[in-house]
Amino acid sequence: MTRMTSSARPLLNRRLAEFGTTIFAEMSALALSTGAINLGQGFPDTDGPEEVREAAVRALRDGLGNQYPPGPGVPELRTAVAAHQRRRYGLSYDPDTEVLVTAGATEAIAASLLALLEPGDEVIALEPYYDSYAACIAMAGGRRVPVTLRPHEDSFRLDLDELRDAVTDRTRLLLINTPHNPTGTVLTREELAAIAELAVERDLLVVTDEVYEHLVFDEAEHVPLATFPGMRERTVTIGSAGKTFSFTGWKVGWVTAAPELVTAVRSAKQYLTYVASGPFQYAVAEALALPESYFTAFRDDMLVKRNLLAAGLEEAGFRVFRPSGTYFVTTDIRPLGETDGFAFCRALPERAGVVAIPNAVFYDHREQGAPFVRFAFCKRTEVLEEAAARLKTPTA
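Please read all numbers here as calculations on a predicted model, not as lab measurements.

Asker: Would you explain the overall build of the protein chain in this entry?
Answerer: Secondary structure assignment for the protein chain yields 14 helices and 15 strands. For 396 residues, the compact-globule estimate of 2.2 N^0.38 gives 21 Å, and the protein chain sits close to it at 21 Å. Each of the three principal axes of the protein chain carries a C-alpha extent, and together these read 65 × 60 × 50 Å. The proportion of buried residues among the 396 residues of the protein chain is 55%. Long-range pairs, those at least 24 residues apart, make up 75% of the contacts in the protein chain between residues at least 6 apart in sequence. Of the roughly 17,000 Å² that the protein chain leaves accessible, carbon and sulfur atoms contribute 51%.

Structure representation (structure tokens):
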């Protein structure tokens, strides 16, 4: 017998009512149905280092992580994360009390916001923002307040006065993403110093998504916000293995923060996945200890691919914002006589055999993002060359 439900109340929690199927699922389905090259979703089409993959196989065979790993993460990975932060940035964290392993950066973001927000708290996020930010803020009962990065010459820039004006007595937290997805902006040392001063002045917590920390190009540098005066004790820093080592399916992320912040985040995290990715944690611990030559070669390879795709997009008539970080290129479609990114991306697989993502999905102010479209360049060189060729000769 079928159980009837009341039509007076929707089944989906009203906090999530505005969030349907993600644009990534929609566009990936289009890629499959049309045979188009998928430059929409940000995952590599090749695996990462063989020695890291073999470390995971070895952990499986040796019985490491096949049962529940420790709630905070395996000691080897927590120690490796702490060593990475100290070696690269001079940040000292206690592996036992100041590092927490999560099921990817997405869970780290969710657990941080669920732990640190009360209903009605305001969260300032840089717009456009990764789509899970909005959903996680909503699930925590918070209110998102977007501050928009706007095109300036060949990049997207933050207006620090606008950021300062967005802070109210109800602001609890700043959600900062640098290197920034989808625009590729890397916040400068001066911009980060101003954000730090604002956070200290207004006594704000900060969650920083730094998953693309190893993908910065040209003259840009990645500087963790936690390195600035007064920030270590109020900043939750989020990192991830997926983007750096090209094993996005392993879902291994982490949080570094002061003990009281880690304790709070762990309190929420334990009721989400509890634990995850046991054998992969041991492999990522080894990956973080790879020589600097790996990280340099990884960045250099992605720089070549950035330049290849950016040049192809420019030849096809797009206005291209060459990113200073991440593995995404944002373009402006108005030189092509287009203004609606949604319509453009939904038609592009049939017209050119390529899938992209409309940036408007990452905006509260949809009109601000309407003409911008994002392409991923974390693909094999021959795939990017074929995509560029297709974009230069689309069908009518």
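After that view, the rundown keeps rolling.
Asker: Honestly, the domain arrangement of the protein chain in this entry has me stumped. Any pointers?
Answerer: In many analyses, interface size is given as the accessible surface area lost on bringing the parts together. What the domain assignment reports for the protein chain is domain 1 (14-41 + 293-392) and domain 2 (50-289). Of note, the centres of domain 1 and domain 2, computed from C-alpha atoms alone, are 24 Å apart. Contacts between the two partners involve 32 residues from domain 1, matched on the other side by 44 residues from domain 2. Where domain 1 abuts domain 2, roughly 3,300 Å² becomes buried across the two surfaces, and 59% of that area is made up of carbon and sulfur atoms. On the domain 1 side of the contact with domain 2, Phe 295, Thr 326 and Phe 362 bury the most area, a combined 20% of that side's loss. Here domain 1 and domain 2 share three salt bridges between them. The salt bridge partner of Asp 218 is Arg 306, with a shortest N-O separation of 2.8 Å. There are 16 residue pairs in polar contact (both at pLDDT 80 or more) connecting domain 1 and domain 2. Taken together, the elements giving at least two residues each to the side of domain 1 that touches domain 2 come down to helix 11 (292-315), strand 11 (319-321), strand 12 (328-332) and strand 15 (372-376). At seven residues, the largest contribution of residues to the side of domain 1 that touches domain 2 is made by helix 11. Across the side of domain 1 that touches domain 2, the residue classes tally to 16 nonpolar, eight polar and eight charged.

Asker: Help me understand the packing of helix 3 (residues 75-89) against helix 10 (residues 278-287), please; the structure alone is not making it clear to me.
Answerer: To describe two helices that pack against each other, one gives the angle between their axes and the distance between the axes. Between helix 3 and helix 10, the least distance of the axes is 8 Å, while the angle of their chain directions is 30°. With respect to helix 10, the element helix 3 is oriented roughly parallel. Two packed elements cross with a definite hand, and for helix 3 against helix 10 that hand is left-handed. Residue-level inspection shows Glu 76, Leu 77 and Ala 80 of helix 3 in contact with helix 10, the latter providing Gln 281, Tyr 282, Val 284 and Ala 285. Per-class residue counts for the contact of helix 3 with helix 10 are five nonpolar, one polar and one charged.

Calculation criteria
Residues numbered from 1 in each chain as written. Predicted model: local features only at pLDDT ≥ 70, side-chain atom pairs only at ≥ 80, totals over all residues. Heavy atoms only, no water. Helix = DSSP H or I, 4+ residues; strand = E, 2+ residues; numbered from the N terminus. Rg over C-alpha atoms; globule rule 2.2 N^0.38 Å. Buried < 20%, exposed > 50% of the residue type's maximum accessible area, 1.4 Å probe, protein only. Contact = heavy atoms within 4.5 Å. Areas by Shrake-Rupley, 256 points an atom, 1.4 Å probe, with all protein chains shown as cover. Domains from an automatic or database assignment. Buried area = accessible area lost by both parts, 1.4 Å probe. Salt bridge = Lys/Arg side-chain N within 4 Å of Asp/Glu carboxyl O. Polar contact = N/O pair within 3.5 Å; in protein donor to acceptor, adjacent residues only side chain to side chain. Nonpolar A, V, L, I, M, F, W, Y, C, P; charged D, E, K, R; others polar. Axes fitted to C-alpha atoms, helices over the stretch in contact; angles between N-to-C directions. Parallel < 35°, antiparallel > 145°, perpendicular 65-115°, else oblique. Left-handed = near helix turned anticlockwise from the far one by under 90°.

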